[in-house]
Amino acid sequence: MKDGLPGSSATAPHAQAFDIRSTAEGDLPAVQAIYAHHVLTGAASFELDPPDRDEIRQRWSAIIAGGYPHLVAAEGGEILGYAYAGAYRPRPAYRYSVEDSVYVRADRHGRGLGRALLDRLIARDAVSAR
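Residues numbered from 1 in each chain as written. Predicted model: local features only at pLDDT ≥ 70, side-chain atom pairs only at ≥ 80, totals over all residues. Heavy atoms only, no water.

Another aspect to go through is the confidence of the model for the protein chain. For the protein chain, per-residue confidence averages 86 on the pLDDT scale, and 83% of positions sit at 70 or higher. In this model, residues 1-13 is a region of pLDDT below 50 whose contacts with residues beyond four sequence positions or in other chains number 30 contacts. (pLDDT = per-residue confidence, 0-100. Contact = heavy atoms within 4.5 Å.)

Given below as structure tokens:
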């Protein structure tokens, strides 16, 4: 159990035990690699070129500085996916709205990681909103 919430997705099909925790700076190279794959092969990021590690570090720092969660799913020391929430828009009317992003390593799809990361992100955000 990390962050006061259960850590794995035991109810997901094909689920195996993995740990979900706050992202540490040392996790950022893996986060960058996962995101780069999705930028190059998918359409969800709306980016054409993968950001480098310095840009990923700046984005992570901004999320954390804003008081929002940034989480990784890890197994045996490997980062399998990550998720974060951040401000939806800077205008005051959106102050209670957030948007989330969830990315799973390409070779780990179908294990319930994305669902577990999203569930934790929602629970973590709900806890911090109190």
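Moving on, we come to unusual backbone geometry. In this model, F46 sits at a positive phi of 65°, which is unusual for a non-glycine residue. As for its position among the elements, F46 is in the loop between α1 (28-41) and α2 (53-65). For F46, a relative accessible area of 78% gives the class exposed. (Helix = DSSP H or I, 4+ residues; strand = E, 2+ residues; numbered from the N terminus. Buried < 20%, exposed > 50% of the residue type's maximum accessible area, 1.4 Å probe, protein only.)

The next subject is the packing of aromatic side chains. With the rule as written, the count across this model stands at 4 aromatic pairs. Plain terms: the ring middles of Y35 and Y103 are 5.1 Å apart, the flat faces sit at 85° to each other, and that makes the pair edge-to-face. One end of the pair, Y35, is in helix α1; the other, Y103, is in strand β4 (residues 98-104), and 68 residues separate them in sequence. When its relative accessible area of 6% is taken as the criterion, Y35 is described as buried. With centroids separated by 5.3 Å and ring planes inclined at 70°, the aromatic side chains of Y88 and Y94 adopt a geometry described as edge-to-face. Taken together through their ring pairs, the aromatic side chains of Y35, Y82, Y84 and Y103 make up a single cluster. (Phe/Tyr/Trp six-rings, centres within 6.5 Å; stacked < 30°, edge-to-face > 60°.)

With that out of the way, let us pick up the packing of α1 against α2. The contact between α1 and α2 brings their axes to 9 Å, and the two run at 105°. One way to sum up the angle between α1 and α2 is to call them roughly perpendicular. Contact residues: α1 offers L28, P29, V31, Q32 and Y35, while α2 offers R53, I56, R57, R59 and W60. Grouping the amino acids of the contact of α1 with α2 by side-chain chemistry returns 6 nonpolar, 1 polar and 3 charged. (Axes fitted to C-alpha atoms, helices over the stretch in contact; angles between N-to-C directions. Parallel < 35°, antiparallel > 145°, perpendicular 65-115°, else oblique. Nonpolar A, V, L, I, M, F, W, Y, C, P; charged D, E, K, R; others polar.)

With respect to topology, 4 strands assemble into an open sheet ordered β1-β2-β3-β4, the strand pairing being antiparallel. Unpaired on one side and paired on the other, β1 (19-22) and β4 mark the two borders of the sheet. Strand-to-strand twist of the sheet, defined as the mean angle between neighbouring strand axes without regard to direction, takes the value 20°. (Pairing = 2+ DSSP bridges.)

Within strand β3 (residues 78-87), 7 of the 10 residues are buried, leaving the element largely enclosed by the surrounding structure. In the sheet, strand β2 (residues 70-75) pairs with β3 via 6 bridges, with the strands oriented antiparallel. Counted as the bridge partner of L71 is A83 from β3. Hairpin geometry of β2 and β3 is characterised by an intervening segment of 2 residues between the two adjacent antiparallel strands and by a positive phi of about 55° at G76.

For the rest of this paragraph, the subject is the pattern of salt bridges. Considering all chains together, one arrives at 10 salt bridges under this definition. One salt bridge connects E25 with R57, and the closest N-O pair in it is separated by 2.8 Å. Of this pair, E25 sits in the loop between β1 and α1 while R57 sits in helix α2; the two residues are 32 residues apart in sequence, bridging distant segments of the chain. A salt bridge links R115 to D119; its shortest N-O distance comes to 2.8 Å. Of this pair, R115 and D119 both sit in helix α3 (residues 113-129), 4 residues apart, which is roughly one turn of the helix. Sharing partners across several salt bridges, the network here consists of E78, R105, D107 and R108. (Salt bridge = Lys/Arg side-chain N within 4 Å of Asp/Glu carboxyl O.)

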